[in-house]
Protein chains: 2
Amino acid sequence: MSRKPMADTTHDYNKRSSEAHKRYGGKVAITSKMPLETTEDLSLAYTPGVAQPCMEISENVALAYDYTWKKNSVAVVSDGSAVLGLGNIGPEASLPVMEGKAVLFKKFADIDAVPVVLDSQDTEEIIQAVKMIAPTYGGINLEDISAPRCFEVERRLKKELSIPVMHDDQHGTAVVTLAGLMNAVKVTGKSFKDLKVMINGAGSAGVAIIYLLKHMGVDYIVVCDSRGTIHKNRTDLSPIKQEIASLTNKKNTEGGLADAVARCDVFIGVSAPNVLTQQMVRSMNNDPIIFAMSNPVPEIMPDDAKKAGARVVATGRSDFPNQINNVLAFPGIFRGLLNARSSEITTAMYCAAARAIADQVETPTEEKVIPSAFDSNVAPAVAKAVEDLARGN
Amino acid sequence: MSRKPMADTTHDYNKRSSEAHKRYGGKVAITSKMPLETTEDLSLAYTPGVAQPCMEISENVALAYDYTWKKNSVAVVSDGSAVLGLGNIGPEASLPVMEGKAVLFKKFADIDAVPVVLDSQDTEEIIQAVKMIAPTYGGINLEDISAPRCFEVERRLKKELSIPVMHDDQHGTAVVTLAGLMNAVKVTGKSFKDLKVMINGAGSAGVAIIYLLKHMGVDYIVVCDSRGTIHKNRTDLSPIKQEIASLTNKKNTEGGLADAVARCDVFIGVSAPNVLTQQMVRSMNNDPIIFAMSNPVPEIMPDDAKKAGARVVATGRSDFPNQINNVLAFPGIFRGLLNARSSEITTAMYCAAARAIADQVETPTEEKVIPSAFDSNVAPAVAKAVEDLARGN
């Protein structure tokens, strides 16, 4: 994986971003919600008055959701091991991304999110650290923790904490992908459950997409990693990939990407640049759907995919139609969870979130199966869908 | 220790504080320093531009102080084991106080402080948790962690982290106490180093005061705990108190508070209400100095101390002159440390901070040996003093 960001010679975003971060001194600042001007203000916000909410919470811990920022706070937690296209750059170097995530939570869902970057990449140490700080927050957003450790970290924290835990690289991506697919089948007239789906990449996003599609009843899924299709005869599979092998590729297709994608309806790329050729697209079913999410260079450029017959094309980029952007998911999901004071997040909530995102596009077309990342109606709709489920409505 | 806050029937602060905390939903909110309105804004604050500061930090970790909130952030860390007069109430219940501390950091020193409350009271687990999250912040403020664990927690973190660590209940209190004493000796014409000091209470604050006064050359110090004077013949002393016994009470005075305070110049109370009688004050040297910091009910009420001949009286309360309030210390101290990007805090910096606080009172009088907690000149002066030392000036 390249360690240098793509040179952006058009807009010089890279150089200007460093300058901006230096000028502002980072992105996250805090502010007081309560006034602090007079002695009276301080006697309510701090001593002696503050002893009262403390005492009440000590007698009923749920009151922390009434009296403290726990009702509105999310920790964006990373060890810096899988950041953007840079890979394993460590905790301090991941801070600009984690601060960015925090301010996006604030902008899109008015959530008070803060970065928490960790000084170890040991699975148990990460789990223990998050468990230790968990009383502080209403939810945990895991970010940029590399596979396969991220699966165990998330699994254990979901089990052992009483606040929701979501690894956005997994489920945010999966939710928005599902939303796009829900509309793409409308546009192409395909049947969702009958889709033949090929997923290139078995990392965080790929694994989460597999599970979500299976939950939604998609039966035909073939997955490739860098060595080819994941099938039951392979002897080199990690535990996660063994599970994938048991859940997918029922025909035990062997070979590479070209073999896997032939005659499929959907190509989902969460892998590497330029691996999908026009010939491969032509080998797919009629009206193929191409979600090429390798960023910044997709598995195939949209124009090339279209030339080869693709009906609906989505990428991770903002300069093409149908941007699969996790910002459509994570703010609204956590907003709904916090509103409901939910102790967990479920697959049903992910599906409901995807439906809410998809439904924001009133009339899907080839060029619009996903709402714009800036559409301010999305987060509230997602929040409502998740909150309703969390409240048992 | 009483678990119920003092009933405040005059102003009803307790009830109104709970109502205010509920109305506002806690105190800390976050805000974005960088604009996030346009695609261009997002391309600088987030992808693709943000990859650049990330990459630069990965090649030079000190740049985190240029590009991220690390340059301005402090974690207010507690396990909720020693909160106000409520004692051990646990992490969630301590949040209103920790949020309060955070917004005071912001108000007085423009520091972006956030609460971090921990789900264990085990010394090693606390140390490990803070080490794990330390890359996120420019400094750590330990708060309301009970003695004696707080001493080991702070000692180990100071040793093992490369950012400053301060337990405010120890050193904030000690710094402001020292500042008050520096001016009290001017008012009474006493010699600082010749002061005979009696300290009632050997918890966090008491221990820190002992070390700071010894560093400042005070030779005669006698300390009492709940069982009487700490002296070398006692067989029941914890390791901390054994060290205190070796550093203080050279005459090996035995007995109780009355025996200890007789013929002293200074009484420093960090203990319990109403334990210092007028007779005890009369038994002290001429022009006795009384710092009665048990809060909300001091060891002796100021009027009673004055009737018994006290020259300078300070308490922890805002409704009497000379309030010993840690807010005079911790914002400016951390402001100076962050400005210098200091990796540590030293006793010399504590002394410099105390001098800066004391010097804010141009002409000390009996009724004014300490600046007002609202004096906005204090934090910048403290910051400058600490920053100069941290920079080696």
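Thresholds applied
Residues numbered from 1 in each chain as written. Chains lettered and ligands numbered in written order. Predicted model: local features only at pLDDT ≥ 70, side-chain atom pairs only at ≥ 80, totals over all residues. Heavy atoms only, no water. Least-squares fit on C-alpha atoms with pLDDT ≥ 70 in both. Contact = heavy atoms within 4.5 Å. Buried area = accessible area lost by both parts, 1.4 Å probe. Salt bridge = Lys/Arg side-chain N within 4 Å of Asp/Glu carboxyl O. Polar contact = N/O pair within 3.5 Å; in protein donor to acceptor, adjacent residues only side chain to side chain. Helix = DSSP H or I, 4+ residues; strand = E, 2+ residues; numbered from the N terminus. Pairing = 2+ DSSP bridges. Buried < 20%, exposed > 50% of the residue type's maximum accessible area, 1.4 Å probe, protein only.

Draft legend 1. Up close: the relation of the copies chain B and chain A. Superposing chain B onto chain A takes a rotation of 180° combined with a translation of 0.0 Å along the rotation axis, leaving an RMSD of 0.0 Å. Such a combination of rotation and displacement between the chain copies is what one expects of a two-fold axis. Proximity to the rotation axis, assessed at the C-alpha, singles out B:Ile30 in chain B; its C-alpha lies 2.1 Å from the axis. Of the interface residues in chain B, 100% have counterparts in chain A that sit at the interface too, so the contact is made through matching surfaces.

Draft legend 2. Representation of the interface of chain B and chain A. Facing 94 residues of chain B, the contacting portion of chain A comprises 95 residues. Both sides of the chain B and chain A interface together cover about 8700 Å² of buried area, and 69% of this is carbon and sulfur. Put simply, B:Glu40 and A:Arg16 hold a salt bridge, and the shortest N to O gap is 2.5 Å. Here chain B is connected to chain A by 30 residue pairs in polar contact (both at pLDDT 80 or more). Elements represented by at least two residues in the side of chain B that touches chain A include exactly α1 (13-24), β1 (28-32), α2 (39-45), α3 (51-59), α4 (64-67), α5 (91-109), β3 (112-117) and α6 (123-133) of chain B. Counting residues per element, the side of chain B that touches chain A draws most heavily on α5(B), which supplies 14 residues. Here 5 bridges tie strand β1 (residues 28-32) of chain A to β1(B), and the two strands are oriented antiparallel to one another. For A:Ala29, the partnering residue across the bridge sits in β1(B) and is B:Thr31.

Draft legend 3. Quick look at the pattern of salt bridges. In total, this model carries 56 salt bridges over all chains according to the counting rule given. A salt bridge links A:Asp79 to A:Arg149; its shortest N-O distance comes to 2.9 Å. Residue A:Asp79 is located in the loop between β2 (73-78) and α5 (91-109), and its partner A:Arg149 is located in helix α7 (residues 149-160); the two are separated by 70 residues in the primary sequence. One exposure class covers both A:Asp79 and A:Arg149, and it is buried. Note that B:Arg391 and B:Glu387 form a salt bridge whose closest N and O atoms lie 2.9 Å from each other.

Draft legend 4. Region of the structure containing the side chain of A:Asp79. All names here are of chain A. By relative accessible area, aspartate 79 is classed as buried at 0%. A distance of 2.6 Å separates the side chain of aspartate 79 from the side chain of serine 81, its partner in a polar contact. Ignoring any residue separated from it by four or fewer positions in sequence, one finds aspartate 79 in contact with Gly90, Pro91, Leu118, Ser120, Gln121, Ile126, Asp144, Ile145 and Arg149.

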